Amino acid sequence: MKITGIDALQKKLRKNATLNDVKHVVKSNGAQLTTRIQKYAVFRGHYEGKKFVKPTGFTKRSVILSLSRNNLEATTGPTSDYGGYLEVGTRFMGAQPFVKPAFDIQKKIFINDLKELTK
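Residues numbered from 1 in each chain as written. Predicted model: local features only at pLDDT ≥ 70, side-chain atom pairs only at ≥ 80, totals over all residues. Heavy atoms only, no water.

1. Side note on the overall build of the protein
Reasoning step 1: Within the protein, the secondary structure is distributed over five helices and four strands.
Reasoning step 2: Here the protein, with 119 residues, has 28% of them falling under the buried criterion.
Reasoning step 3: The long-range share in the protein, meaning contacts at least 24 apart out of those at least 6 apart in sequence, stands at 59%.
Reasoning step 4: Accessible area for the protein stands at about 8,600 Å²; split by element, carbon and sulfur atoms hold 55% of it. (Helix = DSSP H or I, 4+ residues; strand = E, 2+ residues; numbered from the N terminus. Buried < 20%, exposed > 50% of the residue type's maximum accessible area, 1.4 Å probe, protein only. Contact = heavy atoms within 4.5 Å. Areas by Shrake-Rupley, 256 points an atom, 1.4 Å probe, with all protein chains shown as cover.)

Structure, rendered in structure tokens:
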């Protein structure tokens, strides 16, 4: 998921805030999003035949934050191969969303933090 900037907001940011302020907002919001995704990554487990298999926590542990473009871009999410199946479900398994709810909350916080820099 990606948020792209609005031209007017970018112009105002260049005028009012330093690049270090923007980097700090990106880094802190990326870290908060990572923590929020890990908090929501609580799964129910599944059955293999008649035996119930408890969740291992691998997907929760696989959520990592990556900063790039000189700390102006934060990427986070599960790196497990099956994280997408957990998020949206399959025809055999119901969805257990954990990335989108976290992203929806953090998106509002991120936009508010950027707006604070323009004041």
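2. Considering the packing of helix H2 (residues 19-40) against helix H5 (residues 99-118)
Reasoning step 1: At a minimum axis separation of 9 Å, H2 and H5 run at an interaxial angle of 160°. Viewed along their axes, H2 and H5 adopt a mutual orientation that is roughly antiparallel. Along this stretch, H2 crosses H5, giving a crossing that reads as right-handed. Seen from H2, the contacting residues are Asp-21, Val-22, Val-25, Val-26, Asn-29, Gln-32, Leu-33, Arg-36, Ile-37 and Tyr-40; seen from H5, they are Val-99, Pro-101, Ala-102, Phe-103, Ile-105, Gln-106, Ile-109, Phe-110, Asp-113, Leu-114 and Leu-117.
Reasoning step 2: Taken together, the residues that form the contact of H2 with H5 break down as 15 nonpolar, three polar and three charged. (Axes fitted to C-alpha atoms, helices over the stretch in contact; angles between N-to-C directions. Parallel < 35°, antiparallel > 145°, perpendicular 65-115°, else oblique. Left-handed = near helix turned anticlockwise from the far one by under 90°. Nonpolar A, V, L, I, M, F, W, Y, C, P; charged D, E, K, R; others polar.)

3. Some details on a nonpolar patch on the surface
Reasoning step 1: On the surface, Phe-58, Tyr-82 and Tyr-85 cluster together into a nonpolar patch covering about 320 Å² of accessible area.
Reasoning step 2: Here Tyr-82 shows up in the loop between strand E4 (73-78) and helix H4 (83-88).
Reasoning step 3: You can call Tyr-82 partly exposed: its relative accessible area is 35%. (Patch = residues over 30% accessible without salt bridge, like charges linked within 9 Å, V, L, I, M, F, W, Y side chains within 5 Å. Salt bridge = Lys/Arg side-chain N within 4 Å of Asp/Glu carboxyl O.)

4. A word on the pairing of strand E3 (residues 63-68)
Reasoning step 1: Direction of pairing for E3 relative to E4: antiparallel, over a ladder of six bridges. By the bridge assignment for E4, Leu-67 is matched with Ala-74.
Reasoning step 2: Between E3 and E4, which pair antiparallel in sequence order, lie four residues; one of them, Arg-69, sits at a positive phi of approximately 50°. (Pairing = 2+ DSSP bridges.)

5. Side note on the environment of Leu-117
Reasoning step 1: Note on placement: Leu-117 falls in helix H5.
Reasoning step 2: Taking C-alpha positions, Leu-117 is 8.9 Å from Thr-18, a pair spaced 99 residues apart along the chain.

6. Comments concerning the nonpolar core
Reasoning step 1: Core analysis: the biggest nonpolar cluster contains ten residues, these being Leu-33, Ile-37, Ala-41, Phe-43, Val-63, Leu-86, Phe-98, Val-99, Ala-102 and Phe-103.
Reasoning step 2: Looking at this core, the elements with two or more residues in it are H2 and H5.
Reasoning step 3: It is H5 that provides the largest number of residues to this core, a total of three residues.
Reasoning step 4: Setting aside chain neighbours within four positions, we find Ala-102 in contact with Leu-33, Arg-36, Ile-37 and Tyr-40. (Core = buried A, V, L, I, M, F, W, Y, C linked by side-chain atoms within 4.5 Å.)

7. Digging into the pattern of salt bridges
Reasoning step 1: Enumeration according to the criterion identifies two salt bridges in this entry.
Reasoning step 2: Close ionic contact of Arg-69 with Glu-73 constitutes a salt bridge, the shortest N to O distance being 3.2 Å.
Reasoning step 3: Put simply, Asp-104 and Lys-100 hold a salt bridge, and the shortest N to O gap is 3.0 Å. You can see Asp-104 and its partner Lys-100 sitting in helix H5, four residues apart, about one turn around the helix.
Reasoning step 4: Residue classification places Lys-100 among the partly exposed positions, given a relative accessible area of 42%.

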